[in-house]
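One letter stands for each residue in the lines below.
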Amino acid sequence: MKISEEVKISDNGFVFNSKTGDSFSLNPFGLEMIKSIKEGKDFEILKNEILQKYDVDDLTFEKDYYEFCALLKHHQIVVQDNPTDFK
Amino acid sequence: MSKQKITIAVTGLNNTDNPGPGVPVIRGIKESSTFDVRVIGLVYENLEPGIYMDGLCDRIFQIPYPSTGSDDLTERIERIHQQEKIDVIIPNFDAELFSFMKNEKRLKEIGINTFLPTLKQFQEREKDKLPEYGKKYGIKVPKSINLGSLNQVEDIEEKMEYPVMIKGQFYDAYVANNEEQAKQAFQKLAAKWGFPVIAQEFIKGTEVNVIALGDGKGNTIAAVPMRKQYITDKGKAWGGITLADDKMINITHSIIEKTKWKGGMELELIKTSAGEYYLIEINPRIPAWVYLAVGAGQNIPEALIKLALGFDVQPMTDYKIGKMFVRYSYDMIVDLEKFAAISINKEI
Amino acid sequence: METLKYEKPLISKITAGIPNKFGLPVKQKIISEIDGLPVSELIEKYDSPTFIISEKTIRTTYQEARRAFETRYPKVQFAWSYKTNYLDAVCSIFHNEGAWAEVVSGFEFQKALSLGVHGSQILFNGPEKSAEDLTLAINHNACIHIDHFDELYLLIQITRKINKKARVAIRVNMDTGIYPMWDRFGFNYENGEAWNAINRIMLDENLDLIGLHTHIGTYIMSTSAYAIAATKLSNLFMATSRKFDHWLKYIDLGGGFASKNTLKGAYMPGTETCPSFDDYAEAISNAIISSEIPHEHLPVLFLETGRALIDDAGYLLTTVLANKRSTTGRRTMVIDAGVNLLFTSFWYNLGVYPSMDISEYVEDTTIYGPLCMNIDVVREAINFPQAKVGDQLVIERVGAYNMTQWMQFITYRPNVVLIDLEGKTHIIRKKEELESLQSFEINPKK
């Protein structure tokens with residue numbers, strides 16, 4: 001998953017997508033996640049980091065992670081695949 | 001003599017094509033000869049133009065809508081007060097007034113002053129009570145019927161002739177030329193604003209307005225009559241001119257004296273060709289065209305602050321006749337940072 | 001290494017112009033206990049969902065209402081509106097506080113009798129009274145509030161047949177300036193129908209006219225409407241005295257006082273706009289006292305307020321079943337209590353609160369009930385923190401109507417638990433079981 005180049009992320013949690021003109025706000029944990037995703041960390045690496053750092057179990061995090069990714073896709077913040085390609 | 005430093009918080013910075021009074025109120029305050037004012041803008045939405053106007057506000061804070069409960073609103077203002085030490089708040093939306101009137105004491109206890117009508121003054125002027133209001137205070141008002149069901153639209157004919165004004169409980173009005181149109185308007189308004197819908201006699205004439213300030217003891221501190229020269233499709237004045245009309249001033253004095261009105265107000269009147277005046281509506285706050293009064297010589301926002309701070313304020317009786325205002329729209333170029341700051345941090 | 005507190009990652013679109021509370025540090029109300037008992041323990045013991053009723057709240061609310069009226073008017077009598085909540089335990093608390101019974105069917109009448117209410121302390125309202133019901137009411141010396149002329153003539157017939165007197169009042173409908181005006185129950189004041197009914201009753205030797213009743217509507221926020229109603233009934237009261245030299249015993253202003261719930265479409269929350277008992281009492285008492293009725297003949301003032309006396313005492317405990325995203329990215333949450341239990345959710349924006357501190361980040365959320373049915377929506381839009389599956393929530397102010405209008409649909413109705421004054425819990429209505437429901441069925445095909 002790759003964050004679109006047009007998306008600018010500020011340290012105060014403000015996200016601006018210059019392709020669509022939409023802006024978004026992130027909570028602090030959302031900001032941490034999106035930065036990690038931008039750095040190219042994949043789910044497994046991210047999961048290990050988070051589980052060490054935070055008081056959370058792996059299934060809860062997995063669920064939240066994929067919900068967050070779905071929102072990023074929905075808001076066109078990540079580069080889109082065609083969902084019916086069934087890759 | 002150096003001016004007294006004070007901090008004033010103002011809402012209603014939505015200077016759109018249906019403008020709130022916040023921006024003109026601030027302009028009036030800034031022209032005060034008594035006060036050196038620090039302005040705190042209180043906004044509900046992140047695109048209120050006042051946020052982006054250079055030099056208008058010293059600080060801006062987002063506040064929660066009154067509909068979320070006046071406790072939330074008051075707590076937010078208390079937190080802002082801890083940082084900013086607000087001396088006076090001037091709320092400028094009808095929808096806020098209830099919350100601010102309710103919390104007047106609570107704000108006063110921590111040192112925030114207001115100058116608002118009482119709940120009774122606020123409620124007895126509501127649209128569906130206009131006939132009683134007219135009777136009680138001896139003012140001519142149009143005949144009206146409160147409609148609670150579609151069937152009652154048929155009763156309109158018995159009491160008045162078409163055309164009639166069909167009005168929503170809080171906002172909006174349509175002219176209906178016949179029963180069919182009245183029914184359509186009734187349904188639209190009932191769906192939007194609930195019951196009752198008000199059918200009001202259509203008074204032929206010119207709409208004229210008075211902006212006024214009452215001191216709560218029956219004295220009229222300021223009063224400036226105006227005629228709208230052009231009205232937008234939203235029913236708002238686009239241009240207006242001050243009038244020399246003693247009758248309008250007398251009506252205003254009489255209402256303020258009898259009701260002991262406290263705070264800013266706007267009277268909406270219709271002047272017929274026979275020279276009679278009918279009261280159509282009372283807005284319980286300063287209207288958006290307040291800067292015309294300031295320009296004509298009565299700085300109503302400044303006087304309101306003085307009253308709120310407990311000063312002895314003498315009535316202003318002079319104003320320049322034939323002063324005009326013309327509104328204009330203006331595209332400001334602003335940076336994303338301000339939008340980001342108000343959206344994320346809820347303050348600037 | 002100590003781990004940090006986890007928060008669910010969130011992103012929310014900033015909509016220009018539309019208020020967006022996301023990210024604002026809001027103080028989230030939490031209901032962690034009811035009358036000192038932790039919500040988690042109540043759910044563990046009685047399952048989820050469960051209705052909880054606080055005896056303490058019932059009694060303090062009732063006493064507050066009584067005080068408001070009794071300090072302003074010399075003779076006041078409340079009658080508990082059975083249809084609002086007719087669970088035996090609830091009715092018994094009201095009767096213990098001194099309330100009479102106000103019933104609107106043969107079923108409710110018998111329920112009141114079974115709880116030991118004396119027949120003469122039952123007000124029998126409503127448009128549905130069969131010959132059998134009326135006979136029962138006459139035999140128990142109840143106050144029959146006549147709704148229409150057909151009922152009046154039926155009553156005359158019955159009293160002749162059984163040769164007994166009936167104690168009656170009429171229900172009057174009227175214009176009190178509120179919308180909609182209820183004109184489907186009772187006899188109209190303005191067109192003279194009510195006065196005609198009084199005249200017909202006074203002619204009949206078997207009917208003893210003792211009172212006048214009205215019930216102007218429901219969830220009435222305007223106290224002045226009650227003042228108008230009280231004035232109009234006082235006029236009829238005096239007219240009756242003048243023409244027939246007969247002093248009626250009571251004026252019954254019915255119910256309809258608003259509760260603190262927020263009606264859908266209302267701008268301000270109900271907690272802020274709902275008049276207090278003092279406001280209603282002031283308006284009503286003043287109207288009667290300042291009417292022409294001489295002081296020595298002031299009637300007893302009956303009140304049948306239901307909603308305002310019980311709504312606050314009821315809670316529904318519920319649990320989060322799932323969180324989902326709609327195709328528009330909107331957050332939706334499924335809980336285990338739906339419109340089958342929350343009839344009032346059709347007209348109120350019910351208050352739903354977490355039972356513990358979940359997260360300071362709220363998001364605009366739709367709350368669905370558990371039914372496999374599209375209409376099962378508890379809240380269309382509410383700013384709600386990020387609750388997880390299994391988190392326990394509390395829905396407040398559900399004491400009125402929900403436990404009488406609930407549906408046995410798709411699933412069982414849950415336990416109803418009373419917390420008594422000592423903080424002890426009692427199941428006052430058991431969770432339904434397959435057997436109890438099937439006991440009504442007869443299956444010829446098995």
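The structure displayed is predicted, hence computed values, not measured ones. (Residues numbered from 1 in each chain as written. Chains lettered and ligands numbered in written order. Predicted model: local features only at pLDDT ≥ 70, side-chain atom pairs only at ≥ 80, totals over all residues.)

Some thoughts on the overall build of chain A
What counts is decided by this rule: Helix and strand definitions here come from DSSP, where helices need a minimum of 4 consecutive H or I residues and strands a minimum of 2 consecutive E residues; each element is numbered from the N-terminal end. Atoms counted for the radius of gyration: C-alpha only. Globule rule: 2.2 Å times the number of residues to the power 0.38. Contact criterion: two residues are in contact if their C-beta atoms, reconstructed from the backbone, are within 7 Å.
Counting its regular elements, chain A contains three helices and three strands. Counted from the first residue to the last, chain A has its helices and strands arranged as β-β-β-α-α-α. Taking 12 Å as the expected radius of gyration for a compact globule of 87 residues, we find that chain A reaches 13 Å, a close match to that expectation. Counting contacts in chain A only where the partners sit at least 6 residues apart, residues at least 24 apart contribute 43% of the total.

Focus on the overall build of chain C
We count it as follows: The burial label depends on the number of other C-beta atoms within 10 Å of a residue's C-beta. Counts of 20 or more mean buried, 12 or fewer mean exposed, and intermediate counts mean partly exposed, with C-beta atoms placed from the backbone.
In terms of helices and strands, chain C carries 13 helices and 21 strands. Its C-alpha atoms put chain C at 90 × 60 × 45 Å along the principal axes. Every one of the 446 residues in chain C was classed for burial, and the buried ones make up 43%. A separation of at least 24 residues holds for 69% of the contacts in chain C among residues at least 6 apart in sequence.

Looking at the sheet that holds strand β3 (residues 22-26) of chain A
What counts is decided by this rule: A pair of strands is treated as paired once DSSP finds two or more bridges between them. Comment: axis = line fitted to C-alpha atoms, over the contacting stretch for helices; angle = value between 0 and 180 degrees taken between N-to-C directions.
Taken in spatial order, the four strands make up an open sheet running β1(A)-β2(A)-β3(A)-β1(C), and their pairing is antiparallel. Where the open sheet ends on each side, the last strands, each with one partner, are β1 (7-9) of chain A together with β1 (11-14) of chain C. Here the average twist between neighbouring strands, direction ignored, is 25°. For β3 of chain A and β1 of chain C, the ladder comprises four bridges, and the chain directions are antiparallel. Looking at β1 of chain C, one finds that Ser-23 of chain A is bridged to Ile-14 of chain C.

Considerations on the interface of chain A and chain C
Condition: Each residue gets one label: Ala, Val, Leu, Ile, Met, Phe, Trp, Tyr, Cys and Pro are nonpolar, Asp, Glu, Lys and Arg are charged, and the others, such as Gly, are polar.
Taken residue by residue, the interface counts 21 residues in chain A and 17 residues in chain C. Of all the elements in the fold, those that place two or more residues in the side of chain A that touches chain C are β3, α1 (28-38) and α3 (58-74) of chain A. With seven residues, the single largest contributor to the side of chain A that touches chain C is α3 of chain A. Class assignment of the residues belonging to the side of chain A that touches chain C gives a composition of ten nonpolar, six polar and five charged.

A word on the interface of chain B and chain A
Listed per partner, the contact involves five residues of chain B and seven residues of chain A. Here the residues of the side of chain B that touches chain A are counted per class, giving three nonpolar, two polar and no charged.

Comments concerning the domain arrangement of chain C
For an interface, size is often stated in terms of accessible area lost upon the parts coming together. Residue and element names in this part refer to chain C. Just so we agree on the cut-off: What fixes the domain bounds is an automatic or database domain assignment.
Each domain of chain C was delimited in the assignment, giving domain 1 (33-53 + 312-432) and domain 2 (55-310). On a C-alpha basis, the centres of domain 1 and domain 2 stand 33 Å from each other. With 22 residues of domain 1 in contact, the opposing surface of domain 2 contributes 21 residues. Counting residues per element, the ones that place at least two in the side of domain 1 that touches domain 2 are α12 (402-405), β20 (416-419) and β21 (425-429).

Quick notes on the nonpolar core
The cut-off we apply is this: The term nonpolar core refers to a set of buried Ala, Val, Leu, Ile, Met, Phe, Trp, Tyr and Cys residues connected through C-beta atoms within 7 Å.
Counting 210 residues, the largest nonpolar core has Ile-8, Val-290 and Ile-300 of chain B together with Ile-122, Ile-144 and Ile-284 of chain C as the members making the most contacts within it. Per-element accounting of this core gives the leading share, eight residues, to helix α8 (residues 223-244) of chain C. In this structure, Val-290 of chain B is in contact with Pro-21, Pro-24, Val-25, Gly-28, Ile-211, Ile-300 and Pro-301 of chain B, ignoring residues within four places of it in sequence.

Quick look at the packing of helix α1 (residues 22-30) of chain B against helix α11 (residues 300-308) of chain B
Residues and elements named next belong to chain B. Rules: The labels follow the angle: roughly parallel below 35 degrees, roughly antiparallel above 145, roughly perpendicular from 65 to 115, and oblique for the rest.
For the pair α1 and α11, interaxial distance at closest approach is 7 Å and the crossing angle is 75°. It follows that α1 is roughly perpendicular to α11 by the angle criterion. Side by side, α1 and α11 meet where Val-25, Gly-28 and Ile-29 of the first sit next to Ile-300, Pro-301, Glu-302 and Ile-305 of the second. Here the residues of the contact of α1 with α11 sort into five nonpolar, one polar and one charged.

A few points about the sheet that holds strand β5 (residues 144-147) of chain B
Residue and element names in this part refer to chain B. An order of β5-β8-β6-β7 is seen for the four strands of this open sheet, with the pairing classed as antiparallel. Two strands close off the open sheet at either side, each with one partner strand: β5 and β7 (173-176). Each strand of the sheet is rotated relative to its neighbour by a mean of 25°, with strand direction disregarded. Bridge count for β5 against strand β8 (residues 197-201) is four bridges, and the pairing is antiparallel. Note that in β8 the partner of Leu-147 across the bridge is Val-197. The strands touched by helix α8 (residues 179-193) within the sheet are β5, β6 (164-167), β7 and β8, with β6 carrying the most contacts at an inclination of about 20°.

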